[in-house]
Amino acid sequence: MSYKHLIFLASIVCAVFLLVACVNQQNDTAENLPATVSYNFHIRPILSDKCFKCHGPDQNKREAGLRLDIPEFAFAPLQETKGAFAIVRGKPDSSELFRRITSEDPTYKMPTPESHLGSLTSHEIALFRKWIETGAEYEPLWSFAEPVKSALPSIGDKSWVRNEIDYFIVEKQTENGLTHSPEADKERLLKRLSIDITGLPPSEDRMNRFLSDKSPNAYEKMVEELINLPQYGEKMALHWLDVGRYADSYGYQDDNIRTQWAWRDWVIHAFNENMPYNDFITWQIAGDLIPGATKEQVLATAFFRNHKYTEEGGVIPEEYRIQYNLDKTRTYSKGILGLTMECAQCHDHKYDPISQKAYFEMFAFFNNSKEVGYEGDVSISKPAKTPILTITHDEIKNIMPFINAQDTGSMTVSVMGDLDTVRPTYILNRGVYDQPTTLVKATALETVMPFDSVQLPRNRLGLAKWTVSEKNPLTARVFVNQIWQEIFGRGLVKTSGDFGMQGDLPTHPKLLDWLAVDFMENGWDIKRLIKKIVSSATYRQSAAISKEALQKDPENLFLSHAPRVRLKAELVRDLVLSSSGLLVPKIGGPSVKPYQPKGLWESATSGRGVLATYKQDTGTALYRRGMYTFIKLTVPPPSMALFDASNRDQCEVKRGQTNTPLQALAMMNDPYVLEASRVFAQKLIAASPDAHANIAVAFRRILSRRPSPKEVELLEQYYEEQLASFKGGKLDALKTIQVGEYPLDKKLEKNELAALMKLINLIYNMEETIVKT
């Protein structure tokens, strides 16, 4: 056979393979299509990614007069193509949209190559075909529709389920060819439960009691015990401090200290008292406007005043006043409504039904604050100009004992307070402070839920009532999702700060709605919600992963096993201090300054007063929980930043998570970890000279479980090697143990102390230590 014949034959073979591949791809696509193509869950996400940039809500960027996010526009005759329609119900081949997304002509194809939005996949095209063929039904954005408490799904084997949550989880697992995992062992369950509820590992006594309790309700009793500890309020407050962007300085250059910590004490108190979430939100939005408002209700409004505040000379006061209210609007919309409203500050939102007018109507609720943009040194500001709450020692003692005051003097907190006459609010051209255009009045988002001007006043109290209305489709959903995220590491909606069109769809929409409605029906009871979640069989699963589950669901979206979640930065510190016995359990009070590398404050930024130079605290202040670490906004605590703590310069509802060698270096070398290892070691040796028994005790207190025989063997071997190195002079025992300010027990044999200290530090550096499984 000639060379030309071989080339010809090869080309035929390739063509056949390509044809077979195309046929198989079409068949696979057809087989993979859902029985019903939903606009909300299948079509709208594609339109939002590929089309709304040019054919969405933003009229200033709209091309060809075509709008695809609203059906009456999508079904109307096209302005620039006579006789054509973007979508013709039941006829994809007659629909201009379908013709363009399937075209190969770059001058006709949509999205256009120059838009850099990418072409639709064959699966996405097939979804559009089926959707149009079946009537092209539009649906309101799922998160703007009122949640419905649907009936529990019908499942086969009900023996595994413990409460309503499990029905919804099993339904999704079954749909995706997955099954649940067995329950985790009691040791791991207790560690998981204790960290999720209190942010601390279980004590040795609590471990012993739980393991020995053979009663059928042992787990339920432990849930009740943990959720009634004062540390529960601290753990719950940690997330809300991110939402409320709590910090201890004003945050601009020439920084200065501020005293908002009384608000932090109130948040802890509110969670411990199980304040209903609707009241918790109402007080923070408008506590000062409640008739007969108490000082505690006014204190709650410090939530909105935690933003950065300039003390620099030469600024334009109005520019900063506007900036503060933009921050309040962003905090409200992202933290409470789960919407990216700031996109509409300069123009109509490109994806969500939020116009620039609607944005400034929301902004108007905060624009009436007495707060000014600049008035010199904030520390000597006059309350008449900027709303400041003065709290006396007697009021703390008799009315608000939850405030952990450190002296008998009075204290001040920045809070909300409105002008007596309404300040006019204008749409700002491109969001610029000095370019007012159209006058608007305070109105909440009509696209979410109508704002009834007859029943609701046009002030923050009216906004608060609108927010916590059981008809509001967002508030309960968003908070329930945040709580789910705190427990499982990922919300039912992954984008917990974006419930709009560009946000992720819920993995379990019926479960999210069921939880939201159940939450409202039961008095917005936060403790009840948490108990419901942690009592489910879903929560109590083992974290062991099968190869099949890893292949089918690598992100564990459908929870076929318990997720592995790394502890937050503050909780890493808490675990180390708690297990070593160093933790000072005092609740609340001013922030503290633990160990920190020298020169950071001095070299990175300027500061005034006590912020000019970092002066480390001493004594018990060194051993407070991580949430009390002093946060200077211009130089956040470095050890916290390494473990992805929020910078607190703006509202955050979800922390990022990175992996860097610096985290391991911090755990091996940070003074507080080394000091905790040394103190833990000397306490163990002082109680018992048995080094091998002490190894098992240290392991259990840190990891909340007993070591396996193999682990004991390896750890004892490591201890003996370190002890020999210290005794032989290869390592300097005295230099090793001289770390931290906690008194060194000089009566102990230094080599044994150093060796056990190194062993404990090794355990702290085991991955399992800072991962909740």
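Here the structure is shown first, and the text comes after it.
This report concerns the structure included in the present document. (Residues numbered from 1 in each chain as written. Predicted model: local features only at pLDDT ≥ 70, side-chain atom pairs only at ≥ 80, totals over all residues. Heavy atoms only, no water.)

### Considerations on helix α27 (residues 671-687)
Then step 1. Compared with an ideal rise of 1.5 Å per residue, which puts 17 residues at 24 Å, α27 spans 24 Å between its outermost C-alpha atoms and is within 8% of the ideal.
Then step 2. In terms of residue burial, α27 counts as a mostly covered element, since 13 of its 17 residues are buried. (Helix = DSSP H or I, 4+ residues; strand = E, 2+ residues; numbered from the N terminus. Expected span 1.5 Å × (residues − 1). Buried < 20%, exposed > 50% of the residue type's maximum accessible area, 1.4 Å probe, protein only.)

### Here we look at helix α23 (residues 569-580)
Then step 1. Compared with an ideal rise of 1.5 Å per residue, which puts 12 residues at 16 Å, α23 spans 17 Å between its outermost C-alpha atoms and is within 8% of the ideal.
Then step 2. Counting buried residues along α23, 11 of its 12 residues qualify, which places the element largely inside the surrounding structure.
Then step 3. What α23 keeps buried is the set A569, E570, L571, V572, R573, D574, L575, V576, L577, S579 and S580.
Then step 4. Downstream of α23 by one or two residues, G581 has phi in the positive range, about 85°.

### Some thoughts on the state of the cysteines
In protein chemistry, a disulfide is the covalent bond that joins the sulfur atoms of two cysteines.
Then step 1. Per the counting criterion, the structure on display carries zero disulfides.
Then step 2. With no disulfide partner, C51 has as its closest neighbouring cysteine sulfur the one in C54, 8.8 Å distant.
Then step 3. On the basis of relative accessible area, C51 is assigned to the buried category, the value being 12%.
Then step 4. Counting only cysteine sulfurs, C343 is the nearest neighbor of C651, a cysteine outside any disulfide, at a range of 14 Å. (Disulfide = S-S within 2.5 Å.)

### Observations concerning the packing of aromatic side chains
Then step 1. Evaluation of the coordinates by the stated rule reveals 36 aromatic pairs.
Then step 2. On the basis of an interplanar angle of 5° and a centroid distance of 5.5 Å, the ring pair of W266 and F280 is categorised as stacked. You can see W266 sitting in helix α12 (residues 261-272) and its partner F280 sitting in helix α13 (residues 277-286), a full 14 residues away along the chain.
Then step 3. Relative accessible area serves as the criterion here: at 1%, F280 is assigned to the buried category.
Then step 4. Taking 5.8 Å as the distance between ring centres and 25° as the angle between the ring planes, the aromatic pair formed by F479 and F519 counts as stacked. One end of the pair, F479, is in helix α19 (residues 475-488); the other, F519, is in helix α20 (residues 509-521), and 40 residues separate them in sequence.
Then step 5. According to the relative accessible area criterion, F519 is buried, its value standing at 2%.
Then step 6. The positively charged end of K308 is found above the aromatic ring belonging to Y252, 5.1 Å away from the centroid.
Then step 7. The aromatic ring of Y219 is capped on one face by R540, whose charged end is 3.9 Å from the ring centroid. (Phe/Tyr/Trp six-rings, centres within 6.5 Å; stacked < 30°, edge-to-face > 60°. Lys NZ or Arg CZ within 6 Å of the ring centre and 35° of its normal.)

### Brief notes about the pattern of salt bridges
Then step 1. Going through the model one piece at a time under the given rule, you end up with 52 salt bridges.
Then step 2. A salt bridge links D327 to R245; the shortest N-O distance between them is 2.7 Å. Note that D327 is positioned in helix α15 (residues 317-337) and R245 in the loop between α11 (231-243) and α12, a separation of 82 residues in sequence. Each member of the pair, D327 together with R245, is buried.
Then step 3. When the shortest N-O distance is used, the salt bridge between E395 and K295 registers 3.0 Å. Taken as a pair, E395 in helix α17 (residues 393-398) and K295 in helix α14 (residues 295-300) lie far apart in primary sequence, 100 residues in all.
Then step 4. Residue K295 is classed as partly exposed on the basis of its relative accessible area of 30%.
Then step 5. Bridged by salt links that share partners, the residues K149, D518, E521 and R528 form one connected network. (Salt bridge = Lys/Arg side-chain N within 4 Å of Asp/Glu carboxyl O.)

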